[in-house]
Every structure is written in C-alpha cells, then in structure tokens.
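Results of the structural survey
Chain by chain, the residues run as shown.
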Amino acid sequence: MASQETVVRTDRPIVVDATNHIAGRLSSNVAKLLKQGHRVSIVNCEKIMYSGTRSNLIKEYREFLEINSIINPKHGPVHYRRPDTIITKMIRQMLPYDRKPSGKESIKRLRAYIGSPKELKSLEKIQFEKAKIKKSPSNYTTMGELCRVIGWTE
C-alpha cells in the first residue's frame, strides 16, 4: 500500500489493484503516474466502483449507447462494454492524447486486466487510499455489474 509519491521508476510495471476504488479517482491517479513515465498495469477492473444509484447509472449508459452517426453508425463513437476497455478510455481522456505525442506514448504504457493474470500475481500490488470507497460497498455499483447489464458477456 504505497502512495504514488513513493514509487520509484523501474522497468517493471506498477501494478494497481483496482478492487473497491472509485473509477474517476483511480483514473486520475493512474493518469498522473503515466504522465511521469511509469508503466502501469491495472488488475481486477471488474471490481472498480461507480458512485450513484444503479438504475441511474444504467439509464445514463444506455442513453450513451444510443449516440451514433446518422449517416453511418460505424462513424459514430465506439461504445465499449468491457470493464478493462472502459477504464482504459477513461484514463485516455485524462491524458493529452489528441494534443501531444507524450499522451499517445503514455497510453501505450498502460495495461488493464479483468482479474489478475499469472505474470502479475507475484508482483506487489498498490492501492490509492484517496481513491478507495468510504462507505459500504452496497452504496456503489461495480463496473462488472454495469457492464453485464449493457451487454458484456464474459
């Protein structure tokens, strides 16, 4: 359980266990690490929490899924349904991805995983204390639950 200030840059990735982290706060902390030049791997993406009522989150995401191009739906925005790709896009939006080459380089150093892969199980996992949930987990919706409702099949 190290904070982001005490992490030393190495060739090994910084492994972040995303269990019980609020999505936006986790994303901003990871984006900051990526801007500093670290390689970051996020494990347990399906256990990331969203705050807000479950029905409202589902309604908002379903409205987002209806956005597309009138001319050709392929030209509209891509609607991700997997937890790892949703969190990757969320972090990408916090980087200067479209404006600077450093943003594109930063996102290449990010890996997000559903569950925890074998090669990362031996590495030490960190958690961001400021990004962890404060109330009981019943007040939040996990990203896995939301993704299953909007069409993610495991």
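Described below are features of the structure shown in this document.

Cut-offs used in this document
- Residues numbered from 1 in each chain as written.
- Predicted model: local features only at pLDDT ≥ 70, side-chain atom pairs only at ≥ 80, totals over all residues.
- Heavy atoms only, no water.
- Helix = DSSP H or I, 4+ residues; strand = E, 2+ residues; numbered from the N terminus.
- Rg over C-alpha atoms; globule rule 2.2 N^0.38 Å.
- Buried < 20%, exposed > 50% of the residue type's maximum accessible area, 1.4 Å probe, protein only.
- Contact = heavy atoms within 4.5 Å.
- Areas by Shrake-Rupley, 256 points an atom, 1.4 Å probe, with all protein chains shown as cover.
- Lys, Arg positive; Asp, Glu negative; His and termini not counted.
- Charge placed at Lys NZ, Arg CZ, Asp CG, Glu CD.
- Pairing = 2+ DSSP bridges.
- Axes fitted to C-alpha atoms, helices over the stretch in contact; angles between N-to-C directions.
- Core = buried A, V, L, I, M, F, W, Y, C linked by side-chain atoms within 4.5 Å.
- Phe/Tyr/Trp six-rings, centres within 6.5 Å; stacked < 30°, edge-to-face > 60°.
- Lys NZ or Arg CZ within 6 Å of the ring centre and 35° of its normal.
- Expected span 1.5 Å × (residues − 1).

Structural notes on the overall build of the protein
- Tallying secondary structure elements over the protein gives six helices and six strands in all.
- Order of helices (α) and strands (β) in the protein, N terminus to C terminus: β-α-β-β-α-α-α-β-α-β-β-α.
- By the compact-globule yardstick of 15 Å for 154 residues, the protein fits well, its C-alpha radius of gyration being 16 Å.
- A principal-axis box enclosing the C-alpha atoms of the protein has dimensions of 50 × 40 × 25 Å.
- Sorting the 154 residues of the protein into buried and exposed places 44% on the buried side.
- Sequence separation of 24 or more characterises 82% of the internal contacts of the protein that already satisfy a separation of 6 or more.
- Put simply, the protein shows about 9300 Å² of open surface, and 51% of that area lies on carbon and sulfur atoms.
- Charge separation in the protein, taken as the distance between the mean sites of 29 positive and 15 negative side-chain charges, equals 3 Å.

Digging into the sheet that holds strand β4 (residues 110–112)
- Spatially, β4-β2-β1-β5 is the arrangement adopted by the four strands of the open sheet, whose pairing is parallel. Taken across any chain shown, the strands that pair with only one partner, and hence form the sheet edges, are β4 and β5 (125–126).
- Relative to β5, strand β1 (residues 14–17) runs parallel, the two being bridged by two bridges. Paired with valine 16 across the two strands is isoleucine 126, which belongs to β5.
- Contacts from helix α1 (residues 23–35) reach β1, β2 (40–43) and β4, with the element oriented near 155 degrees to β2.

Comments concerning the nonpolar core
- If you look at the biggest cluster of nonpolar residues, it comprises 33 residues, and the most contacted ones within it are Val30, Ile87 and Ile91.
- Those elements that provide at least two residues to this core are β1, α1, β2, α2 (54–65), α3 (83–92), β4 and α6 (143–150).
- It is α1 that contributes the most residues to this core, six residues altogether.
- For isoleucine 91, the contacting residues outside a window of four places in its chain are Ser27, Val30, Ala31, Leu34, Ile42 and Leu110.

Remarks on the packing of aromatic side chains
- Under the definition given, this model contains one aromatic pair.
- Ring centres 5.5 Å apart and planes at 70 degrees place the aromatic pair tyrosine 61 and phenylalanine 64 in the edge-to-face group. With tyrosine 61 and phenylalanine 64 both in helix α2, this residue pair falls three residues apart, about one helical turn.
- Exposure remark for tyrosine 61: the relative accessible area of 14% places this residue in the buried category.
- In this structure, arginine 92 is placed above the aromatic ring of tyrosine 97, and the distance from its NZ or CZ to the ring centre is 4.8 Å.
- Between the NZ or CZ atom of lysine 104 and the centre of the ring of tyrosine 97, over which it lies, the distance is 4.7 Å.

Quick word on α1
- Its 13 residues place the ends of α1 18 Å apart at the C-alpha level, agreeing with the 18 Å of an ideal helix rising 1.5 Å per residue.
- Among the residues of α1, Ala23, Leu26, Ser27, Asn29, Val30, Ala31, Leu33 and Leu34 are the ones counted as buried.
- In the core, the buried residues of α1 are packed alongside β1, β2, β3 (49–51), α3, α4 (101–108) and β4.
- Looking at the residues trailing α1, positive phi occurs at glycine 37, about 100 degrees.

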